[in-house]
Each structure stands twice: as structure tokens, then as C-alpha cells.
Amino acid sequence: MSLEVSPLVAEGRNLVSSYGDGLFRFGEEAVNGSVLLFPESIYSWNVKSMDDITVDSFARVIEKADEIEILLLGMGSRLMPVPLAWRHALKEHGIVIEPMDTGAACRTYNVLVAEARRVAAALIAV
């Protein structure tokens, strides 16, 4: 007897299957560097560290605000405070930012997608 332990996720939804060594894997697809991840799309994100992020770095997230309630911010290997300007800019569009290390953000993203939540992730590559 075998048991399926992977979450049931709607076809065409992106899940993080692995991360590290500067890249992310989504099933058979690999993306080098940081990414903006949405359930139905993946974009390269020109960010290498928290110092590279500005409010403008979230422009694509804000464009998709009607599809997102929660933005998980994978900050790399360590947590830092999220500037209030980022929180306010996203909140104006109904998006709450949740900071965590990149590994935790990947795992949390997968769970929330499996629950059909309105989530996106901004992930700094580690």
C-alpha cells in the first residue's frame, strides 16, 4: 500500500521543489537568482540582497494586487526589519508583507498555494 503525501495542488500552479546554490527549482524548471513567484507565473527579480530592495522592487506585485493578499518576503539567510515604507506601499493595495528567511518562505508559500490562498513570494536566492 502506498500513500501520497504531497499536497493536492491545482494544475498549473507553481510550487518550489528546491532552492539553494543561487537557484530555485519549480518542478523541472530551474531559475537562477532571486524571483518573484506567483501561483501561475515566475519572474526573475533583480535583487541580490535586502540592500537592493526599494518600494519600486515590488511594482510587479502591486500590478497583481487584485490576486494577492499575502506577500512572503524570503530575505535570504537572515531576518531583518521590513522598512515601514514597504509595508505602507503594499498595504495601500491590500497586500500584507510577511518577512522570513528564504527557506521558510518557500515552504510557507507551498502550503498556502495548496490551500488556494491568494499568495505571492519575493525570494532572495541563497
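Quick notes on the rules
- Along each chain, numbering runs from 1 in the same order as the chain's sequence is written.
- For this predicted model, a pLDDT threshold of at least 70 governs which residues receive local features, and a threshold of 80 or more governs which side-chain atom pairs are given and counted, while totals over whole chains, interfaces and linings are taken from all residues.
- For side-chain calculations, the full set of non-hydrogen atoms in the structure is used, while hydrogens and water are omitted.
- Helix and strand assignments come from DSSP, with helices taken as H or I runs of at least 4 residues and strands as E runs of at least 2, each series counted from the N terminus.
- DSSP bridges decide pairing: two strands pair if at least two such bridges lie between them.
- An axis is simply a line fitted to the C-alpha atoms; with a helix, the fit covers only the stretch in contact. Between two such axes, the angle follows the N-to-C directions and lies from 0 to 180 degrees.
- Two rings belonging to Phe, Tyr or Trp (six-membered ring only in the last case) form a pair when the distance between their centres is within 6.5 Å. Interplanar angles under 30 degrees mark stacking, angles over 60 mark edge-to-face geometry, and anything in between is tilted.
- Here, a charge over a ring means that NZ of Lys or CZ of Arg falls within 6 Å of the ring centre while also lying within 35 degrees of the ring normal.
- Residue exposure (1.4 Å probe, protein chains only): buried if accessible area is under 20% of the type maximum, exposed if over 50%, otherwise partly exposed.

A. Geometry of the environment of Ile97. Within the secondary structure layout, Ile97 lies in strand β7 (residues 96-100). Sequence separation of Ile97 and Ala121 is 24 residues, and the distance between their C-alpha atoms is 9.3 Å.

B. The arrangement of the sheet that holds strand β4 (residues 35-38) in detail. Pairing in this open sheet of five strands is mixed, and the strands run β5-β4-β8-β6-β7 from one edge to the other. At either margin of the open sheet sits one strand with a lone partner, and together these are β5 (41-44) and β7. Between one strand axis and the next, the sheet turns through 15° on average, direction left out of account. Looking at chain direction, β4 and β5 are connected through four bridges and run antiparallel. Along β5, the bridge assignment pairs Val35 with Ser44.

C. View of the sheet that holds strand β1 (residues 18-20). Taken together, the three strands give an open sheet; going across it, the order is β1-β2-β3, and neighbouring strands pair in antiparallel fashion. Among the strands making up the open sheet, the edge pair consists of β1 and β3 (29-32). For this sheet the average axis-to-axis angle between neighbouring strands, irrespective of direction, equals 15°. Two strands pair when backbone bridges link them, and β1 and strand β2 (residues 23-26) are joined in this way by three bridges, in the antiparallel orientation. Within β2, the residue paired with Ser18 across the bridge is Arg25.

D. A look at the packing of aromatic side chains. In this structure the tally under the stated criterion is four aromatic pairs. For the ring pair Phe38 and Tyr43, a centre distance of 5.9 Å and an interplane angle of 75° mean the geometry is edge-to-face. Site record: aromatic cluster; members linked through ring pairs are Trp45, Phe58 and Trp86. The ring of Tyr43 carries Arg60 above its face, with NZ or CZ at 3.8 Å from the centroid. Residue placement shows Lys64 over the ring face of Phe38; its charged tip is 5.0 Å from the ring centre.

E. Looking closely at unusual backbone geometry. With a phi angle near 55°, Asp21 is a residue other than glycine that sits in the positive phi range. Position of Asp21 among the secondary structure elements: in the loop between β1 and β2. The phi angle at Ala116 is positive, at roughly 60°, despite the residue not being glycine. Its relative accessible area of 66% is what places Ala116 among the exposed residues.

Nothing here speaks to function; it is geometry throughout.
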